[in-house]
Amino acid sequence: MAMPPGEPIEIPDEVCGPRVLLRPLRPEDAPAVWDAVEESRRHLSPWMPWVHDLRSADDERAVIDRMRASWTRREDLTVGIFDRTTGRYLGGSGLHRINWALRIFEIGYWIRATAEGRGYVTEAVQLLVRLAFDRLGANRVEIYVDPQNVRSRRVTERLGFVLEGTLRRFRAGTGGRPQDRHVFALIREDYLRLAWRGAHG
Ligand SMILES: CC(C)(COP(=O)(O)OP(=O)(O)OC[C@H]1O[C@@H](n2cnc3c(N)ncnc32)[C@H](O)[C@@H]1OP(=O)(O)O)[C@@H](O)C(=O)NCCC(=O)NCCS
């Protein structure tokens, strides 16, 4: 949903945690993203239908162009997750399906296979939750998780997201068939109570 007119919102060019940096992708990131996807096809393909359509670094360049246009229109804020020290590309995340009128944001994420299990996603989601509530006036931040996706569910639980229910046959899975999704969310009151909110990191 487009941003309401007359309400310019500053969105920082990058946000940093202790170990990761999040920023929108640039055309020159395409080869690094392509490498990460190639390395990760087996672990991404059950959950991320788009990997099947990505066949070259040029495809990724076109995706990045579209993401940049959506960012400019404030329709979708997709970011790359980078190692803050080395600059290595680690995966993707962002604020998606934005409803600016109600200030509702959905977070999505994936991490390259060789960076899984180190807490990078948890840190990235913390940064996006803070960005949404502290700087973008969020009322609600959601994460939709396939009921089979145990690792993704653990990210939401680690961060205090509330399981609100299961939407049946709600989203296309791989193969395009509709699948169930757990909906996890934080509303502003939940966020203000989170122990990690004020902590550094
Ligand atoms: C879902 C997915 C993003 C989770 O990634 P992840 O690496 O497990 O998540 P985190 O970065 O938060 O890492 C958590 C793990 O790191 C460990 N860890 C190490 N250091 C840590 C730290 N400083 N902080 C938090 N966790 C840390 C945790 O103990 C946890 O270990 P566990 O795997 O044994 O439970 C990943 O599995 C993935 O990309 N899957 C495919 C795509 C996908 O399913 N996306 C989600 C769609 S909804």
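Residues numbered from 1 in each chain as written. Predicted model: local features only at pLDDT ≥ 70, side-chain atom pairs only at ≥ 80, totals over all residues. Heavy atoms only, no water.

On to the overall build of the protein, then. Counting secondary structure elements, the protein contains five helices and eight strands. Counting from the amino terminus, helix and strand elements in the protein follow one another as β-β-α-α-β-β-β-α-β-α-β-β-α. For 201 residues, the compact-globule estimate of 2.2 N^0.38 gives 17 Å, and the protein sits close to it at 16 Å. Along the first, second and third principal axes, the C-alpha atoms of the protein reach 45 × 35 × 35 Å. Buried residues in the protein amount to 50% of all 201 residues. Put simply, 61% of the contacts in the protein that link residues at least 6 apart link residues at least 24 apart. Entry remark: accessible area of the protein is about 10,400 Å², with carbon and sulfur atoms responsible for 49%. Between the averaged position of the 32 positive side-chain charges in the protein and that of its 28 negative side-chain charges there is a distance of 4 Å. (Helix = DSSP H or I, 4+ residues; strand = E, 2+ residues; numbered from the N terminus. Rg over C-alpha atoms; globule rule 2.2 N^0.38 Å. Buried < 20%, exposed > 50% of the residue type's maximum accessible area, 1.4 Å probe, protein only. Contact = heavy atoms within 4.5 Å. Areas by Shrake-Rupley, 256 points an atom, 1.4 Å probe, with all protein chains shown as cover. Lys, Arg positive; Asp, Glu negative; His and termini not counted. Charge placed at Lys NZ, Arg CZ, Asp CG, Glu CD.)

One finds Leu22, Leu95, Ile107, Val125, Val129, Leu136 and Phe161 to be the most contacted residues of the largest nonpolar core, which totals 41 residues. Counting only elements with at least two residues in this core, the list comes to strand E2 (20-23), strand E3 (77-83), strand E4 (89-99), strand E5 (104-111), helix H3 (120-135), strand E6 (140-145) and strand E8 (178-187). Sort the elements by how many residues they give to this core and H3 lands first, with 10 residues. Excluding its chain neighbours within four sequence positions, the residues that come into contact with Phe161 are Val125, Val129, Val141, Ile143, Thr156, Phe184, Ala185 and Leu186. Listed in part, the 16 residues of the second largest apolar core include Val33, Leu44, Leu54 and Trp110. (Core = buried A, V, L, I, M, F, W, Y, C linked by side-chain atoms within 4.5 Å.)

This brings us to the pairing of E6. When you tally the buried positions in E6, you get six out of six residues, the bulk of the element. Side chains of E6 alternate between two faces, with Arg140, Glu142 and Tyr144 and Val141, Ile143 and Val145 buried alike. As judged from the three bridges shared by E5 and E6, these two strands associate in the parallel manner. Along E6, the bridge assignment pairs Phe105 with Val141. (Pairing = 2+ DSSP bridges.)

By the definition in use, this model includes 14 salt bridges. Between Glu123 and Arg19 there is a salt bridge, and its shortest N-O distance comes to 3.6 Å. Placement of Glu123 in helix H3 and of Arg19 in the loop between strand E1 (15-16) and E2 is noted, with a sequence separation of 104 residues between them. Note on Glu123: relative accessible area 6%, which makes it buried. Judged by its relative accessible area of 33%, Arg19 is partly exposed. Its salt-bridge partner being Glu157, residue Arg153 comes within 2.7 Å of it at the nearest N-O pair. Note that Arg153 and Glu157 are positioned in helix H4 (residues 150-158) at a spacing of four residues, about one turn of the helix. You can call Arg153 partly exposed: its relative accessible area is 28%. Look at the salt bridges and you will find they share partners, linking Arg97, Glu106 and Arg171 into a network. (Salt bridge = Lys/Arg side-chain N within 4 Å of Asp/Glu carboxyl O.)

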